[in-house]
Amino acid sequence: MSSPNSRLPALATLALGLVAAATALVFFFAPVDADQGLSQKIFYFHVPIALTAYGCFGWGAWKALLHLWKREPGADLESYVAIHQGVIFGALTLLTGSIWARASWGVWWTWSSNQLVLFLVLFLFYCAYFMLRFSVDAGPQRANFSAVYALFGVALIPVSFLAIRLASDFIHPTVFTSAGPQMSGKMFFTFCVCLAAMLSLAATLCAVELSGKRLDLRLRELREALA
Amino acid sequence: MSYTRDVGALARKDFLLELRARDTLPAMLLFVIATLVVFHFALPTGSSDLASNGLLWVAILFTALLGLGRAFVPEREQGVLDGLVLAPCDRSAIWLAKSLAVLGFLAAVEVVALPAFAIFFSGVDGTTVAAVALADLGICAVGTFLAAMAAAGRARELLLPLLFLPLAIPIVVGGVGASVVANGGRYLAFLALYDAVFAIICWASFEYVVTE
């Protein structure tokens with residue numbers, strides 16, 4: 001019980017340091033993009049945030065699998081918290097993507113951007129996850145439903161990706177191709193620091209939310225014991 | 001094999017119930033025809049056949065939702081699900097049988113809806129029919145699974161479309177692609193992939209939906 005709480009300050013400090021370092025690197029170290037200029041800087045936030053959202057959804061699904069498979073106690077709560085953070089990062093992805101689309105293509109939304117459309121689908125899907133969770137009473141059944149639906153999510157990500165690829169033309173810049181990242185070394189280093197910053201930030205937020213939720217649960221238990 | 005016998009018995013129960021009560025199929029039929037009439041007025045003169053092809057998929061999806069919303073009503077009202085879970089059969093048989101029953105209803109509706117669409121709007125080609133058949137499998141597999149979850153929630157009628165529509169977007173992409181693109185083979189393959197992936201997940205995890 002005490003170990004996650006004692007790790008939290010260290011994690012938070014790491015996240016803070018990495019976010020500060022990432023911001024400094026983005027604006028003072030990474031070269032200005034020859035093609036898109038200053039607006040390309042949002043790439044260093046948009047893409048790591050998107051990858052972090054995927055990471056959260058994946059982690060949530062992994063915990064869901066552990067809940068169903070090993071009946072690990074607490075896995076349901078961890079899965080929920082990870083997906084909650086995933087939805088927050090997903091909303092940020094939509095927001096930053098929309099700003100980037102405005103800056104480089106002149107429109108707030110484009111259906112030909114595969115990643116944005118995929119995130120919209122996932123965002124709708126995971127919002128429905130919350131609707132499902134809040135319409136079932138707390139208990140083993142709710143844990144099972146949430147876990148199964150979270151597993152549907154990881155199947156939906158590649159299937160939707162394929163669907164959207166099939167459905168659209170290809171204006172969205174593909175930075176990572178099979179030939180490796182199309183970036184200079186400085187840009188790639190900045191990108192990696194940004195990714196680490198976002199991942200550590202997500203981990204910190206998860207840990208904070210999780211400790212709050214655990215405290216809430218314990219409080220409820222104590223209240224019931226006293227009543 | 002006892003598994004197929006269980007599935008057969010459960011699906012027969014649903015068909016028999018529908019034959020006697022007739023509360024789902026006529027509603028779905030009326031709904032799909034009414035939807036097509038609404039689409040006629042929603043499409044201004046001069047809209048292409050491609051637009052009406054897209055709307056066919058909207059009609060199919062929403063008609064299926066109507067049927068899916070009713071799928072677990074008898075089980076819920078009569079407390080049948082507890083009995084089925086107690087019965088000595090594999091739990092996934094409950095899902096498979098219900099999916100087959102919904103598939104039967106949906107196919108029966110489409111036997112009327114596709115010719116009606118061809119008369120009202122534009123002809124339906126073989127690829128579209130194949131896409132409809134493949135999409136039906138996916139719709140029924142995923143939809144039945146989600147309907148079972150939604151039936152246990154508080155806001156069940158509200159919940160099912162919310163749970164189902166994001167998962168149905170790939171079906172719409174595959175279906176519309178197959179009916180509007182000249183060479184729709186890869187869209188059919190995509191629909192088949194969707195069916196396989198989600199049918200396996202549903203089949204493997206249905207046990208957790210009905211048990212604790």
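Residues numbered from 1 in each chain as written. Chains lettered and ligands numbered in written order. Predicted model: local features only at pLDDT ≥ 70, side-chain atom pairs only at ≥ 80, totals over all residues.

## As for the overall build of chain B
So, step 1. For chain B, the helix and strand inventory stands at nine helices and zero strands.
So, step 2. In chain B, the succession of helices and strands from N to C terminus is α-α-α-α-α-α-α-α-α.
So, step 3. The globule rule puts the C-alpha radius of gyration for 212 residues at 17 Å, and the 17 Å found for chain B is close to it.
So, step 4. Viewed in the frame of its principal axes, chain B has a C-alpha envelope of about 60 × 35 × 30 Å.
So, step 5. The 212 residues of chain B split such that 44% are buried.
So, step 6. Residue pairs in contact within chain B that sit at least 24 positions apart in sequence constitute 79% of those at least 6 positions apart. (Helix = DSSP H or I, 4+ residues; strand = E, 2+ residues; numbered from the N terminus. Rg over C-alpha atoms; globule rule 2.2 N^0.38 Å. Buried ≥ 20, exposed ≤ 12 C-beta atoms within 10 Å, placed from the backbone. Contact = placed C-beta atoms within 7 Å.)

## Side note on the overall build of chain A
So, step 1. Assigned secondary structure in chain A consists of six helices and two strands.
So, step 2. Along chain A, from the amino end to the carboxyl end, the secondary structure elements read α-α-α-α-α-β-β-α.
So, step 3. Each principal axis of the C-alpha distribution contributes one length, and for chain A these read about 65 × 40 × 30 Å.
So, step 4. Within chain A, buried positions represent 41% of all 227 residues.
So, step 5. A separation threshold of at least 6 residues defines the contact pool for chain A, and within that pool the share at least 24 residues apart is 77%.

## Describing the interface of chain B and chain A
So, step 1. With 25 residues of chain B at the contact, the number on the chain A side is 24 residues.
So, step 2. Of all elements in the fold, only helix 7 (126-152), helix 8 (156-180) and helix 9 (185-210) of chain B reach the threshold of two or more residues within the side of chain B that touches chain A.
So, step 3. With 10 residues, the single largest contributor to the side of chain B that touches chain A is helix 8 of chain B.
So, step 4. Grouping the amino acids of the side of chain B that touches chain A by side-chain chemistry returns 19 nonpolar, four polar and two charged. (Nonpolar A, V, L, I, M, F, W, Y, C, P; charged D, E, K, R; others polar.)

## Focus on the packing of helix 3 (residues 75-105) of chain A against helix 5 (residues 140-167) of chain A
Residues and elements named next belong to chain A.
So, step 1. Packing of helix 3 against helix 5 brings their axes to within 10 Å, and their N-to-C directions diverge by 45°. Taken together, the axes of helix 3 and helix 5 lie oblique to each other. Judged by the sense of rotation from one axis to the other, the crossing of helix 3 with helix 5 is left-handed. Every residue of helix 5 that contacts helix 3 at Asp76, Ser79, Tyr80 and Ile83 is listed here: Ala143, Ser146, Ala147 and Ala150.
So, step 2. Residue composition of the contact of helix 3 with helix 5, grouped by class: five nonpolar, two polar and one charged. (Axes fitted to C-alpha atoms, helices over the stretch in contact; angles between N-to-C directions. Parallel < 35°, antiparallel > 145°, perpendicular 65-115°, else oblique. Left-handed = near helix turned anticlockwise from the far one by under 90°.)

## Looking at the packing of helix 3 of chain A against helix 4 (residues 114-135) of chain A
Residue and element names in this part refer to chain A.
So, step 1. As a packed pair, helix 3 and helix 4 sit with axes 9 Å apart at the nearest point and diverge in direction by 145°. By crossing handedness, the relation of helix 3 to helix 4 is classed as left-handed. Contact with helix 3, carried on its side by Tyr80, Ile83, Gly86, Val87, Gly90, Ala91, Thr93, Leu94 and Gly97, involves Gln115, Leu116, Phe119, Leu120, Leu122, Phe123, Tyr126, Cys127, Tyr129 and Arg133 of helix 4 and no other residues of that element.
So, step 2. Tallied by class, the residues present in the contact of helix 3 with helix 4 amount to 13 nonpolar, five polar and one charged.

## Overview of helix 1 (residues 2-21) of chain B
Residues and elements named next belong to chain B.
So, step 1. Here helix 1 is 20 residues long and its end C-alpha atoms lie 28 Å apart, about the 28 Å a rise of 1.5 Å per residue gives.
So, step 2. Every buried residue of helix 1 is listed here: Asp6, Val7, Leu10, Ala11 and Asp14. Projected down its long axis, helix 1 carries its buried residues within an arc of 120°, all on one side. Turned more than 90 degrees off the buried face of helix 1, the exposed positions are Ser2, Thr4, Arg5, Leu16, Leu19 and Arg20.
So, step 3. Along its buried surface, helix 1 packs onto helix 6 (92-120).
So, step 4. Within two residues after helix 1, Arg22 carries a phi angle of roughly 50°, on the positive side. (Expected span 1.5 Å × (residues − 1). Arc of directions from axis to C-beta.)

## Examining helix 9 of chain B
So, step 1. In a regular helix each residue adds 1.5 Å, so 26 residues correspond to 38 Å; helix 9 of chain B covers 37 Å between its end C-alpha atoms and thus fits that length.
So, step 2. In the structure, helix 9 of chain B departs most strongly from a straight axis at Ala204 of chain B, where the bend amounts to approximately 40°.
So, step 3. Among the residues of helix 9 of chain B, Tyr187, Phe190, Leu191, Tyr194, Asp195, Phe198, Cys202, Phe206, Tyr208, Val209 and Val210 of chain B are the ones counted as buried.
So, step 4. Those residues of helix 9 of chain B that are buried are in contact with helix 2 (43-70) and helix 5 of chain A together with helix 5 (80-86), helix 6, helix 7 and helix 8 of chain B. (Bend = angle between axes of the 7 residues up to and from the residue.)

## Topic: the environment of Thr211 of chain B
Residue and element names in this part refer to chain B.
So, step 1. Relative to the assigned elements, Thr211 resides in the segment after helix 9.
So, step 2. Residue classification places Thr211 among the exposed residues on the basis of 11 C-beta atoms within 10 Å.
So, step 3. Taking the C-alpha atoms as reference, Thr211 lies 9.9 Å from Leu86; in sequence the two are 125 residues apart.
So, step 4. With near-sequence residues (within four places) excluded, Thr211 lies in contact with Val85 and Arg91.

## Remarks on unusual backbone geometry
So, step 1. For Arg71 of chain A, which is not a glycine, the phi torsion comes out positive at approximately 55°.
So, step 2. In this structure, Arg71 of chain A sits in the loop between helix 2 and helix 3.

## Quick word on the confidence of the model for chain A
Residue and element names in this part refer to chain A.
So, step 1. Predicted confidence across chain A gives a mean pLDDT of 85, with 91% of residues reaching 70 or more.
So, step 2. In the model of chain A, strand 1 (residues 176-177) stands out as the element of lowest mean pLDDT, 53, in contrast to helix 2, which has the highest, 91.
So, step 3. Across residues 169-173 the pLDDT falls below 50, and counting only partners more than four positions away or on other chains, this stretch makes seven contacts in the model. (pLDDT = per-residue confidence, 0-100.)

## Some details on the confidence of the model for chain B
So, step 1. Averaged over every residue, the pLDDT of chain B is 89; residues scoring 70 or more account for 100%.
So, step 2. At the level of chain-chain contacts, confidence expressed as ipTM amounts to 0.86, with global pTM at 0.87.

## Observations concerning the environment of Ala151 of chain B
Residues and elements named next belong to chain B.
So, step 1. With respect to the element layout, Ala151 can be found in helix 7.
So, step 2. Here the alpha-carbon distance between Ala151 and Thr211, two residues 60 residues apart in the chain, equals 14 Å.
So, step 3. With near-sequence residues (within four places) excluded, Ala151 lies in contact with Phe72, Arg76 and Arg156.

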